[in-house]
Amino acid sequence: MGFVEGSDSKGANLFKTRCAQCHTLEENGSNKIGPNLHGLFGRKSGTVEGFQYTDANIQKGIVWSESTLFEYLENPKKYIPGTKMAFGGLKKEKDRNDLITHLRNMTK
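Residues numbered from 1 in each chain as written. Predicted model: local features only at pLDDT ≥ 70, side-chain atom pairs only at ≥ 80, totals over all residues. Heavy atoms only, no water.

### Some words on the overall build of the chain
Here is step 1 of the chain: Scanning the chain for helices and strands turns up five helices and zero strands.
Here is step 2 of the chain: For the chain, the succession of helices and strands along the chain, N to C, is α-α-α-α-α.
Here is step 3 of the chain: Its C-alpha radius of gyration of 13 Å places the chain within 12% of the 13 Å reference for a compact globule of 108 residues.
Here is step 4 of the chain: Projected onto the principal axes, the alpha-carbon positions of the chain cover approximately 30 × 30 × 25 Å.
Here is step 5 of the chain: When contacts within the chain are restricted to residue pairs at least 6 apart in sequence, long-range pairs at least 24 apart make up 45% of them.
Here is step 6 of the chain: When the accessible surface of the chain is split by element, carbon and sulfur atoms take 53% of a total near 6,100 Å². (Helix = DSSP H or I, 4+ residues; strand = E, 2+ residues; numbered from the N terminus. Rg over C-alpha atoms; globule rule 2.2 N^0.38 Å. Contact = heavy atoms within 4.5 Å. Areas by Shrake-Rupley, 256 points an atom, 1.4 Å probe, with all protein chains shown as cover.)

If you want it as structure tokens, here you go:
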């Protein structure tokens, strides 16, 4: 189907429980196991300064948007074979929509 606007508050809870152990959202936030996500939308994959990416992430060369994240977050290892992101994905479209809505609102 594709991205549709979701619930920011439900997305915030998903981020807290599924993403925050590896990622930060705030401007000038630190990289953790995963890169800081501030400025994510419109950014090319594999380009956060100071983060050690796999060649797979760098070579993918996509620009992050609602639609690319919608596909990626369903199954990261399928979308970018060779990524080191150890996240199984969010199978439910509603969960992905909620998380992407929250990420978009928090990373501007």
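### Side note on unusual backbone geometry
Here is step 1 of the chain: Look at N28: it is not a glycine, yet its phi comes out positive at around 65°.
Here is step 2 of the chain: By secondary structure assignment, the location of N28 is in the loop between α1 (8-18) and α2 (55-60).

Everything listed here is a matter of coordinates, which is why it stays silent on function.
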